[in-house]
Structures are given as C-alpha cells and as structure tokens.
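Single-letter residue listing:
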Amino acid sequence: MTKLLEVVDLEKRFELHILNEKAIEALRQVSFNVEEGEIVGLTGKTGSGKSTLMKCIYRTYLASRGQIQYYEESGGILDLTSASEHEVLRIRKKEMTYCSQFLQVIPRVPAIDVVASALTARGRSVDEARRITSEILERLSLPKDLWDAYPATFSGGEQQRVNIARAMIARPRLLLVDEPTASLDMKTKDAVIDMLLDLKRNGTSIILITHDEHTLTRMADRSLHLENGRLKEVVYA
Amino acid sequence: MIENLRFQESFNYAYIDEFTKKEIRRKTLKAVCIPGYQVPYASPEMPISRGWGTGGLHLTLSLVGPDDTVKVIDQGSDASVNACNLRLFIKEMAKCAVTFDTAAATIIQSRHRVPEEILTEKQILVLQVPQPEVLRRVERHEAKTRIMHAEADYAKIWVTLYEAYVRSGTLRNGAGHPILVNGRYVATPSPIPSWDVPNLSMARCLYLFGAGREKRIHAIPPFTRVEPLEFDDIRFKVEEFIGVHCSASGQDKAFMDQIYAEDFSRFWVINDSNFLDKVRQGPRPSQRLFTNPE
Amino acid sequence: MDEKWLLRVRNLTKIFGEVTPDVCDRTGPQFNSNICPKTGAVVACSNISFDLYPGEVLGIVGESGSGKSTLVQMLYFDSDPTSGEVNFRPIEDGSVNLFELSSQKKRYIRNHLMGMVYQNPRDGLNFRFSSGGNIAEKLLMAGVFHVGNIRIRATELLNHTEVPIKRMDESPVRFSGGMQQRVQIAKAIANNPPLLLLDEVTSGLDVSVQAKVLDLIRRLQDELGISMIVVSHDLGVIRMLTDRTIVLKHGQIVEHGLTDQILQDPQHGYTQLLVSSLL
C-alpha cells in the first residue's frame, strides 16, 4: 500500500490571549499514518481532540508542533502544518475535502447548486455537474422539492445529506468526515455508508469521526482512539 | 461743434505695448509648433471686458501691421454691432485697411463661423474662443485636465459623445464638436457649427484660437490633419439643409439661418454675409463642401 | 508544476508626514498606535507583503484606520506609496515594479487589467453620465470605439449584475445604493480584468441589499474566476467571500492565514478579539 498521510508528533495548544493568556492543550504527541484507499476511524469521548485533529489536517487549525506530511498525487510531499496558504488551497481544491458536522454554506444558494459548485469549481460544466448532483441527491433520498430550496431552511438530517453530497461528489483523494451519519434514518445512513465505501473502492482515503458503532464497524479498516488529546490505542477492525 | 474725441489719445501702435505683443507672438509661435495644444499667455487688459472677444483681439493686434487688411465677422456677419466696433477699433489703432471681402483680407477675426469661401496661405483666421478647454465639461480641475491632455486620456470626451448619441440619436452636442488635431491633442474648434469643422482640416490658411478670459492660445497650422471625433459605427455629420434654399440668393449649399418673418412664416438665408453678397452678385466663390457618410 | 503568482506585494509602505528612517520601528500594534511619537507622521501601511495567486480571493480585515483602504488605493494607483514594490504577472511577466512605470502604463493597467469597486459609488461612477455611459467609459479607455458593440457589452454586463436594462440610459444618481454598487461592479469588470479590488463594497447598505451584492460577487468568482482583494471590517463578508485573509492593525500585518483558520483558530490577540466580537 502507498502512504497518503503521515502525522508525526502533532501537538495543538490554544493560546487565548484575551482570556488572561489561558492555554488549552488539545493534542499531544499524536502520530499515525493513513494509506491510500484506507478508512481510518477516530473515536473518543467529546472533547478528546477528534475534531481538533481533523481540523489540524485540514489546516483550519494551525498545529503548534509536529508535522502532517501529505503525499500528493503528483508525487510531492507537503507538510500541511507549514505549507503556504496557497499550497493548502491547491490541495483543498484538488485532493482533500472536509465534511463538517454542520453544514456551512453560502446563504441564498439552492441545495443543488451548493453541491454542484464542488464540481464546477473543478472545471466541470454546469449541466454535467447538475446531472451528477441529481444522481447523488436521489441516492441520498433528499426530497426533490428541496433541491431548489435554500439549505439554511432545512432540517438537520436534510442539511447533513447536502453536506455529504457536496463533500463526496468531487471524489477527493482524502476525505475528512465528521459524524456523517448522525441525525440520519437507517435507510439513508446505509446509503451514505455505501457511497463512502464506493469512494474507498475508487481509492479515496477517509478519516472518519463517528459515535455510531454500526457506521464504524461497517466502514473503518482500523480506528484510532483519542483520550485527552493523546492517541491511546489503535484498534484494528 | 462737437468733436469726436474717441481714439484721440496717444496709444502705442495697435493699442498693446510692444513687450506684451512680443509675449503673445512667442506664445502664438509655440501654439503653432504644437498643434491643438493650449498655450497659456498674458491676456492683457483691453478696453472691452473679457469674454467679449479679447482673445481674438490680442491675436489680431499682435499680428497686424499697417499693410494688413482686416476683416471682422460675428456669427457670419460683417455688420453686427460687435463686428463693427471691433473693426473700427482695430482700424484706428493699427492704421490698417479694413474690408468686408473675405478674399481681400489678410487677417480675419471671427466669432462662431469659419467663412464659406476657401482661405489661402496668405490669410490668417483668428477665432474668439470662450472656453478653450475641451475637457472642462467633464473635469473641473485644471491640474487634472492637463494630466489628461499629457496622457491623451480622452475617454470622458468620448463618453459625452456616446451620451449625446444615446439621448438624441446624433453625435452633435451643441456647437464646437471636439476635434483631434494632428493625431495628438483633442481640442475644441471654438463654438462653430459642425458645418465648418471639416474646413479646419488640411486648410491652406493658419487658424489661431484666442481665449482672453481663459488666457489660452491654440492653433491649427496650415495643412494639419483635423478629425472630428466619431465612432466606428456612428459617424460625424454636418448640418443638413434638405429641401430648403436661401430666400435671398436661391442657393442651397451653404450654412443657413432660419429667420422668422413678421407674419410668423419662416425662411432661410445664407449665414455668411460676404458669401451671400458674392453669390448674389456674380460668380460663386470657391468653397469646400463635406458630404455626410451614409 | 507550481502555479505562478498573479500579484506580488513587497514591503509596501505609506507614510503621511515626515519620513524618517526608523519611523516604522516606532509605530505599529506593539505601540498601539500608527502615529510616530517623534515626528507625528502617520504610518498608514508599514511593510506590507503578500502574494496573490490566480483565482484566489484575499480578504483584508481590520478596524477603521488600520490601513486597509490605503493599501488597495496604492494597488490601484489612486495613491502613491512611500516605498515598496508591486509586481503583476501580466506586466513583463511580473519582473517590474509597477510603481516605476510611466503614468500612461499605470493608466493602462488600471483600465485593462484591474477593476476597482469603491465603498462610495460616487468614487467609482460619474453620476453625470448614464449607467451605460459609465460602462462605456471603461470600454472606450480600452479602445472600443463602436457604439453598437459598447451597448451590446453594457447590456451583457448589466444583465450579469442584475441591473434592469431599461435603466441603462439613466444616470445612477436615481438608483438605490445596492443598484449603484452593482453598476459599479459591472463597470469594474467591463474589460475582464484578471484582478478586482473591492473596498468595503457593502458597508452602508441594508442587510438584504448587502446580501444581493455579496451574492453577485460570489457568482462572479465562480463564473469568471477573477482574483480578488476584498477589503472589509466585517468578518461576515470576509467569511463569505474569501479564501485567505490578512489582518491589519495600525498599518501592519498582525496575522495572515486561510480564512477558516483566521476565524476558527486566530493566533494573534487582536484577531482573537475581532473574532470573539463577531460571535
């Protein structure tokens, strides 16, 4: 197998200058690898650092120490903790997507365009993007009358589906998903899992945060357990 | 017996003192060297107020000699009050000959018209200009207009032509259509009808423009290319007098005035008074006519 | 292959008042002032450096007086810098400092290669001209002397920015603030510039009108892929429009990063204060 991501001695410390210089240690000495086409689960209690770790990889958080070596499709290696903003944006645009727990979309854009924009941004035509989007939204059984509505008005489960569709549609090399199946009914949950497994078969690596046993056992090749910001054990599925 | 004491005082020849005349001539030469460029000059006090033709008078008086023959026209007419007074003043001050005959004059001072008759290399046409700055309508600040001229930044003038076309369907935007002189400076030909604008290009005579109030001189030397600004698809056109003719001469190829009679009927008369006299008396003087593009 | 930058800014400095050699060392966030205690000179921008890549949207955020407007005004040649360099890829492949070019060349860059949208529509539009005339001005500057083509392009642009075509021949003076802003945007993008500068374009507009203008800018980013520099004191605008952000305080860059990182994991105390004020 080929390596995709190598996290070495990652530490994250939040320094709150406006709260009397209070500091919070969120991650300590985290090291692990992700191979191509592998699904790695992240487990742990609330506040154990799962989302922090994921956001450090996506560079939404700046790591305080350590490295996150990303092996690019072109063969280059990029340390996501110190790469230039431009480099990170390039990787985000072409190879890495992040699907957060909550949908953060541009206001006043219809659901179908929210999803399709992930494809048009990568150079696909609007018609093609909308066609592929329709297929995915159908598989996720998002009611058709919602496609042209604004997701801001949607229920949690509906927003979740738009969010997942947008993250998956461009078939990234690395997908970071935070609680993809929460607030979904059984049927949709299975649809989401099937689609993520489809991606995996096509070579996508996935880092997955979930509290849901069913999702974890069906998907993850192995899981990493975090406790108080430290990597406690590696559980192979 | 009441003696007319006007002009009995002893003045310098041609009213203006020699130092000031020299200054005006120097600036005139500079204006001739840089066609279309506005040269600032001293603009001395005259016995008429600024804005009444002082710029033209400065140029005429700095150029005139006792051997010259001067003609003064105002809106095409030798007989208007202004033309008469200026002519009398120049004649008394410069002891020169004066005439109505366009062909006989060596210096012609004019307001609002270029004579219909073709001028020759022996003649100078002096035009009185109220506002020489073609950019003033679009830019209030003098410092900025100078930079705009320096950089040939004329987009705003073009926009006024665009706006005129959108509003009225024609590029004509009052008198004084902006012209590009010698491919470099955009200038105003003073408020003359569009009819006269083509006569400025490649002419045999020298055109001088004097703005006394604004203290600027500019010039179009003989055989200088002058192009009215026009778009690729919307072309410059001169006034058309279709289906009308001059009620005094029966002619139709000249710039004409519309005149109301006492019974409110209207008729047309050739505007250039000397040209009208000539076409009525004998052979038609030589004239340049412009054909509008389709 | 590494993509090449579009705009490179190095040590851009603007000082109002006496320029002394160490004036930049006596001002800035660490002194909590941009006024030199010795000379009273105001350091509006102090050694600003950054790169902008094609298609990228850079946000510049900071409070009033932090120097953000001065920065874009210098980039658009509205104001001359005291020192510093700006290189721009379309000009000599980025090898010359734009500030050393002749004023004709600068005007060419302004007219052909950059667009600017000002906070006050009066700065970007001439209210004595119609909306169409305002767009025509930009096209005429670029040498389009064909009324028919000008009107076709103006119609296209006003359509794009959702300004009713039937108001094309009206002066923007009678338009609402939001519509004036959209005419200004139409004018700014008339010549398809690779770089668009937006200075507080939604400040002073109602929330709903603001939303329409922001949607328009967002759409232009998607459809035309123009690189943009968005100046705003409003982190909401920055979040919605930009990929990367620079935080300015007292004329200096205190922090730069990806916009989501600036908003979620701000490093500098000032940014933390800004972000916490937002939430």
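A brief report on the enclosed structure follows.

Scoring rules and cut-offs
- Residues numbered from 1 in each chain as written.
- Chains lettered and ligands numbered in written order.
- Predicted model: local features only at pLDDT ≥ 70, side-chain atom pairs only at ≥ 80, totals over all residues.
- Helix = DSSP H or I, 4+ residues; strand = E, 2+ residues; numbered from the N terminus.
- Buried ≥ 20, exposed ≤ 12 C-beta atoms within 10 Å, placed from the backbone.
- Contact = placed C-beta atoms within 7 Å.
- Nonpolar A, V, L, I, M, F, W, Y, C, P; charged D, E, K, R; others polar.
- Pairing = 2+ DSSP bridges.
- Axes fitted to C-alpha atoms, helices over the stretch in contact; angles between N-to-C directions.

**Quick word on unusual backbone geometry**
In step 1: Its identity is not glycine, yet Glu179(A) carries a phi of approximately 50°, on the positive side.
In step 2: Structurally, Glu179(A) can be placed in the loop between β7 (174-178) and α6 (186-201).
In step 3: Judged by local crowding, Glu179(A) falls into the buried class, with 20 C-beta atoms found within 10 Å.
In step 4: A positive phi is found at Asn11(C), a non-glycine position, where the angle reads about 50°.
In step 5: Within the fold, Asn11(C) resides in strand β1 (residues 7-16).
In step 6: Given 14 C-beta atoms within a 10 Å radius, Asn11(C) is considered partly exposed.

**Points about the interface of chain C and chain A**
In step 1: With 21 residues of chain C at the interface, the matching set in chain A holds 16 residues.
In step 2: Elements with a contribution of two residues or more to the side of chain C that touches chain A: α7 (207-224), β9 (252-258), α9 (259-264) and α10 (269-278) of chain C.
In step 3: By residue class, the composition of the side of chain C that touches chain A is five nonpolar, seven polar and nine charged.

**Some words on the sheet that holds strand β5 (residues 124-128) of chain B**
Residues and elements named next belong to chain B.
In step 1: On the basis of which strands lie adjacent, the open sheet formed by seven strands has the order β1-β9-β8-β5-β4-β2-β3 and mixed pairing. On the outer flanks of this sheet lie β1 (39-40) and β3 (97-98), each paired with one strand and no other.
In step 2: Sheet topology places β1 next to strand β9 (residues 216-220); two bridges connect them, and they run antiparallel. Counterpart to valine 39 in the pairing with β9 is isoleucine 217.
In step 3: Where helix α1 (residues 18-33) meets the sheet, its contacts fall on β1, β8 (206-211) and β9, and the angle it forms with β9 comes to roughly 45°.
In step 4: Where helix α2 (residues 54-63) meets the sheet, it contacts β2 (69-74), β4 (107-111), β5, β8 and β9, and its direction lies at approximately 150° from that of β5.

**Concerning the interface of chain C and chain B**
Often, the extent of an interface is quoted as the loss of accessible area on bringing the components together.
In step 1: Counting residues at the interface gives 17 residues for chain C, matched by 14 residues for chain B.
In step 2: When residues in the side of chain C that touches chain B are grouped by element, the largest group, six residues, is from helix α4 (residues 131-141) of chain C.
In step 3: In terms of residue class, the side of chain C that touches chain B is made up of seven nonpolar, seven polar and three charged.

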